[in-house]
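Secondary and tertiary structure notes
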Amino acid sequence: MKIGIIGAGNIGGNLTRRLTALGHEVAVANSRGPQTLTALAEETGARPVRAEEAARGAEVVVVTVPLKAVPDLPAGLLKEAADGAVVIDTNNYYPQRDGRIAAIEDEGLTESRWTERHLGHPVVKAFNGTYAQDLLDRHRPAGDPGRLALPVAGDDPAAKAKVRALIGELGFDTVDSGTLDDSWRQQPGTPVYGLREGVDAVTEALAAASPERPADFRA
């Protein structure tokens, strides 16, 4: 597939490494320009581009920038993506980094619903509680007893299925955590956030989540 990755930090960089290794055609962008991505491009074969070019023709677009940077992404970011493109949101709200976002704290929007509104395109929430190094070190074949599971939330069943299939290709199981309005179950401070377990434990952790935002993740 053609995949665009916007953000080349820990998650974005390691997704670039794994997805290119699996044979996908990856374009990767960051906020500092393609000239700063030379080493990653040489390592992986990914194509370094400007942010506004990353989604061009892409079937899957991964947005993996700090939440506070989402409103500053280029307008029309996704207008040249492939028809039916799926957008994966990996972001988390950390008030100490992002500042206070009233729509999340006061209006109760989930973090990914807030991101979706800024992007003007449906998103699927995934990878937000995943340790970046695990993408390189802890992938396992299907059926392996040590295979980890990741929660995935979204409103469109077809989009969610595409993301779950891609995660399966990366070497992880998945658990459907519901719609985007249910995605609070996998936000920071919940039992599943950062959990390194299989399907059963992830399912139990999602069920045990509380909708009240933990104090450590409020401004």
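For the structure given in this document, a descriptive report is provided here. Note that the structure is a prediction, hence the values are computed from the model and not measured.

Rules used throughout
- Residues numbered from 1 in each chain as written.
- Predicted model: local features only at pLDDT ≥ 70, side-chain atom pairs only at ≥ 80, totals over all residues.
- Heavy atoms only, no water.
- Helix = DSSP H or I, 4+ residues; strand = E, 2+ residues; numbered from the N terminus.
- Rg over C-alpha atoms; globule rule 2.2 N^0.38 Å.
- Buried < 20%, exposed > 50% of the residue type's maximum accessible area, 1.4 Å probe, protein only.
- Contact = heavy atoms within 4.5 Å.
- Areas by Shrake-Rupley, 256 points an atom, 1.4 Å probe, with all protein chains shown as cover.
- Lys, Arg positive; Asp, Glu negative; His and termini not counted.
- Charge placed at Lys NZ, Arg CZ, Asp CG, Glu CD.
- Pairing = 2+ DSSP bridges.
- Axes fitted to C-alpha atoms, helices over the stretch in contact; angles between N-to-C directions.
- Phe/Tyr/Trp six-rings, centres within 6.5 Å; stacked < 30°, edge-to-face > 60°.
- Lys NZ or Arg CZ within 6 Å of the ring centre and 35° of its normal.
- Expected span 1.5 Å × (residues − 1).
- Polar contact = N/O pair within 3.5 Å; in protein donor to acceptor, adjacent residues only side chain to side chain.

**Some points on the overall build of the chain**
When helices and strands are tallied, the chain shows nine helices and eight strands. For 219 residues, the compact-globule formula gives about 17 Å, and the C-alpha radius of gyration of the chain, at 16 Å, lands near that figure. Summarising its shape, the C-alpha atoms of the chain cover approximately 45 × 40 × 30 Å along the three principal directions. When burial is assessed residue by residue, the chain has 51% of its 219 residues classed as buried. A separation threshold of at least 6 residues defines the contact pool for the chain, and within that pool the share at least 24 residues apart is 68%. Looking at the chain as shown, the accessible area adds up to about 9,700 Å², and 48% of this sits on carbon and sulfur atoms. Across the chain, the 24 positively charged side chains and the 31 negatively charged ones have centroids separated by 3 Å.

**Remarks on the environment of Ala27**
Within the element layout of this structure, Ala27 appears in strand β2 (residues 25-29). Sequence-wise, Ala27 and Lys160 are 133 residues apart; in three dimensions their C-alpha atoms are separated by 22 Å. Ignoring any residue separated from it by four or fewer positions in sequence, one finds Ala27 in contact with Ile3, Gly4, Ile5, Arg47, Val49 and Ala54.

**A short note on the sheet that holds strand β5 (residues 86-89)**
Strand order in the open sheet formed by six strands is β3-β2-β1-β4-β5-β6, with parallel pairing between adjacent strands. Every interior strand has two partners, whereas the edge strands, β3 (47-48) and β6 (124-125), have only one. Bridge analysis of β5 against β6 gives two bridges, and the strand direction is parallel. Each residue of the ladder has a partner; that of Asp89, found in β6, is Lys125. Sheet contacts for helix α6 (residues 111-119): β4 (60-63), β5 and β6; angle to β5, the most-contacted strand, approximately 135 degrees.

**Details of the packing of aromatic side chains**
Inspection of the entire model under this criterion finds one aromatic pair. Here the aromatic rings of Tyr94 and Phe217 are separated by 6.3 Å at their centres, their planes lie at 45 degrees, and the arrangement is tilted. With Tyr94 in the loop between β5 and α4 (95-98) and Phe217 in the segment after α9 (199-207), this pair connects stretches of sequence that are 123 residues apart. Looking at Arg196, its charged tip hangs above the ring of Tyr131, at a distance of 4.1 Å from the centre.

**Description of unusual backbone geometry**
Located in the positive-phi region is Phe127, a residue other than glycine, with phi close to 70 degrees. As for its position among the elements, Phe127 is in the loop between β6 and α7 (132-137). On the basis of relative accessibility, which here comes to 3%, the residue Phe127 falls in the buried class.

**Considerations on the environment of Pro157**
For Pro157, the position within the fold is in helix α8 (residues 157-170). Judged by its relative accessible area of 63%, Pro157 falls in the exposed class. Put simply, Pro157 and Asp176 are 19 residues apart on the chain and 9.8 Å apart in space, counted from C-alpha to C-alpha.

**So, α6**
When you tally the buried positions in α6, you get seven out of nine residues, the bulk of the element. Of all the positions in α6, only Glu111, Ser112, Arg113, Trp114, Thr115, Glu116 and Leu119 are classed as buried.

**A word on helix α1 (residues 10-21)**
Taking 1.5 Å of rise per residue, the twelve residues of α1 would be expected to cover 16 Å, and the 17 Å separating its terminal C-alpha atoms lies within 8% of that figure. In terms of burial, α1 is largely enclosed, as nine of its twelve residues are buried. What α1 keeps buried is the set Ile11, Gly12, Gly13, Asn14, Leu15, Thr16, Arg18, Leu19 and Thr20. Packing partners of the buried residues in α1 comprise β1 (2-6), β2, α2 (38-44), β4, α7 and α8. A positive backbone phi angle near 100 degrees is found at Gly23, which sits one or two residues after α1.

**Looking at the pairing of β5**
Of the two faces of β5, the one holding Val86 and Ile88 and the one holding Val87 and Asp89 are both buried throughout. Summarising the sheet, β4 and β5 pair through four bridges and their orientation is parallel. Along β5, the bridge assignment pairs Val62 with Ile88.

**Concerning the side chain of Ser177**
Among the secondary structure elements, Ser177 is positioned in the loop between β8 (173-176) and α9. Here the side chain of Ser177 touches Gln186 through a polar contact of 2.5 Å, side chain to side chain. Residues in contact with Ser177, not counting those within four places in the same chain, are Pro151, Val152, Ala153, Asp182, Arg185, Gln186 and Leu206.

On their own, these measurements won't tell you what the molecule is for.
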